[in-house]
Amino acid sequence: MSDVPPGAFGRLLPFLARPVLGERPLRRLTPWTWFGWLSLLLVLGFLGGRFDDLLVHWFGWRIAPDTFQAYLLAHPSFSAAAIVLVAPVLEELAYRAFLSTAPPAVFVGLAFFLCYSFLGIRLNIEHPQALDTVRHYFAPFWALLPAGLLSLLLYAYARDAVLGFFRRHGAWVFWIACILFAVEHAEVYSNTLTWWAFVLVLPQFLVGVGLAYIRIAFGLRWSIATHLAYDGLIVSASWAYLSTARGTLPREVVGLVLTFLVLVTLVYGLAVSWRILRNR
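Residues numbered from 1 in each chain as written. Predicted model: local features only at pLDDT ≥ 70, side-chain atom pairs only at ≥ 80, totals over all residues. Heavy atoms only, no water.

Caption draft 1: Summary view of the nonpolar core. Judged by nonpolar contacts, the single largest core of 60 residues is most densely connected at Trp 37, Leu 99, Tyr 116, Phe 166, Phe 174 and Phe 218. Sequence-distant contacts of Phe 174, that is, excluding residues within four places in its chain, are made with Phe 15, Leu 16, Pro 19, Leu 99, Val 209, Ala 212, Tyr 213 and Ile 216. Counting residues in each nonpolar core, the second largest holds 11 residues, with Ala 182, Val 188, Trp 196 and Val 201 among its members. (Core = buried A, V, L, I, M, F, W, Y, C linked by side-chain atoms within 4.5 Å. Buried < 20%, exposed > 50% of the residue type's maximum accessible area, 1.4 Å probe, protein only. Contact = heavy atoms within 4.5 Å.)

In structure tokens, the structure reads:
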């Protein structure tokens, strides 16, 4: 960690106190520092998940065992792999691209946001079977065409008003984007539209806040890379473990390797958390 720039993580809490959008990334990011941010998000996701476990235990909420995400983690396939590779990119374009005051980023991001909002509403209301969701995940993206047209009309007739809103109310835009990203994942926990599913999206909210900061501070490409790595690590670890037979040496070896990698990442993530709290 010696090559991590001083204060690389200490700017997070001051920024969250007063989020501001800008046209360009605030600073550059090195690969080692990027790994620190990834580790921090994994820690936040882990802690949020453990808090969810407590809530589920205390209140007796029943998480559906056949949700889309549960199916994705337990059933490796080319379709599932395509979703794991593409979905993080689409989500970053939908919920983080417009966290800017640069016109191309704002209006392209709004087009993807409108499209993904349609997809999220559809999944949370219709609750299709997990297998159908995997097979036809990209079908609803026909909505990108009318969403793009609406965004183009906004650019043509209300460009200054939209950009002015983003400049004046950047904090509202930032936090609303984080909340909507979390809400879109409510279907992870329930196959019906239950209110407590929106409470259990705390891990997604925390990770979304981190990704939003990375997007603003370092650029969209780094938030995409972080999101891809985050989802890829979780899914590939699940697939690697489940692909080996129970009680065999390969599964034991895979389990030990995954445990070691998780511990290293969590330790580094906790170190990053300490730096953030120490420099607040």
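Caption draft 2: Quick look at helix 4 (residues 78-95). Its 18 residues give helix 4 an end-to-end C-alpha distance of 26 Å, which sits within 8% of 26 Å, the value for a rise of 1.5 Å per residue. A maximum bend of about 30 degrees is found in helix 4 at Val 86, where proline Pro 88 lies one to four positions downstream. Burial in helix 4 covers these residues: Ala 80, Ile 83, Val 84, Ala 87, Pro 88, Leu 90, Glu 91, Glu 92, Leu 93, Ala 94 and Tyr 95. (Helix = DSSP H or I, 4+ residues; strand = E, 2+ residues; numbered from the N terminus. Expected span 1.5 Å × (residues − 1). Bend = angle between axes of the 7 residues up to and from the residue.)

Caption draft 3: Structural detail: the packing of aromatic side chains. A full pass over the atoms with the stated rule returns 19 aromatic pairs. Ring geometry for Phe 15 against Tyr 213: centres 5.2 Å apart, planes inclined by 65 degrees, an arrangement best described as edge-to-face. Placement of the pair is Phe 15 in helix 1 (residues 12-17) and Tyr 213 in helix 9 (residues 202-218), with a sequence separation of 198 residues. For the pair Phe 15 and Tyr 213, a shared accessibility class is recorded, and that class is buried. With 5.4 Å between their ring centres and 45 degrees between their planes, Trp 37 and Tyr 213 make a pair best called tilted. One end of the pair, Trp 37, is in helix 2 (residues 31-59); the other, Tyr 213, is in helix 9, with 176 residues separating them in the sequence. Using a relative accessible area of 1% as the deciding quantity, one classes Tyr 213 as buried. Chaining the aromatic ring pairs together yields one cluster made of Phe 15, Trp 37, Phe 174, Trp 175, Phe 205, Tyr 213 and Phe 218. (Phe/Tyr/Trp six-rings, centres within 6.5 Å; stacked < 30°, edge-to-face > 60°.)

Caption draft 4: The arrangement of a nonpolar patch on the surface in detail. A cluster of nonpolar side chains, contributed by Leu 114, Leu 149, Leu 150, Leu 152, Leu 153, Leu 154, Tyr 155 and Tyr 157, occupies part of the molecular surface with about 780 Å² of accessible area. A per-element tally of the nonpolar patch places helix 7 (residues 144-168) first, with 7 residues. With respect to the helices and strands, Tyr 155 occurs in helix 7. Under the relative-accessibility criterion, Tyr 155 is labelled partly exposed at 36%. (Patch = residues over 30% accessible without salt bridge, like charges linked within 9 Å, V, L, I, M, F, W, Y side chains within 5 Å. Areas by Shrake-Rupley, 256 points an atom, 1.4 Å probe, with all protein chains shown as cover. Salt bridge = Lys/Arg side-chain N within 4 Å of Asp/Glu carboxyl O.)

Caption draft 5: Expanded view of the packing of helix 2 against helix 9. Interhelical geometry of helix 2 versus helix 9 gives an angle of 160 degrees and a closest axis separation of 7 Å. Here helix 2 lies roughly antiparallel to helix 9, going by the angle between them. Helix 2 and helix 9 meet at a crossing whose hand is right-handed. Across the interface between the two elements, Trp 37, Leu 41, Leu 44, Gly 45, Gly 48, Gly 49, Phe 51 and Asp 52 from helix 2 touch Leu 202, Pro 203, Leu 206, Val 207, Gly 210, Leu 211, Tyr 213, Ile 214 and Phe 218 from helix 9. A per-class count over the contact of helix 2 with helix 9 returns 12 nonpolar, 4 polar and 1 charged. (Axes fitted to C-alpha atoms, helices over the stretch in contact; angles between N-to-C directions. Parallel < 35°, antiparallel > 145°, perpendicular 65-115°, else oblique. Left-handed = near helix turned anticlockwise from the far one by under 90°. Nonpolar A, V, L, I, M, F, W, Y, C, P; charged D, E, K, R; others polar.)

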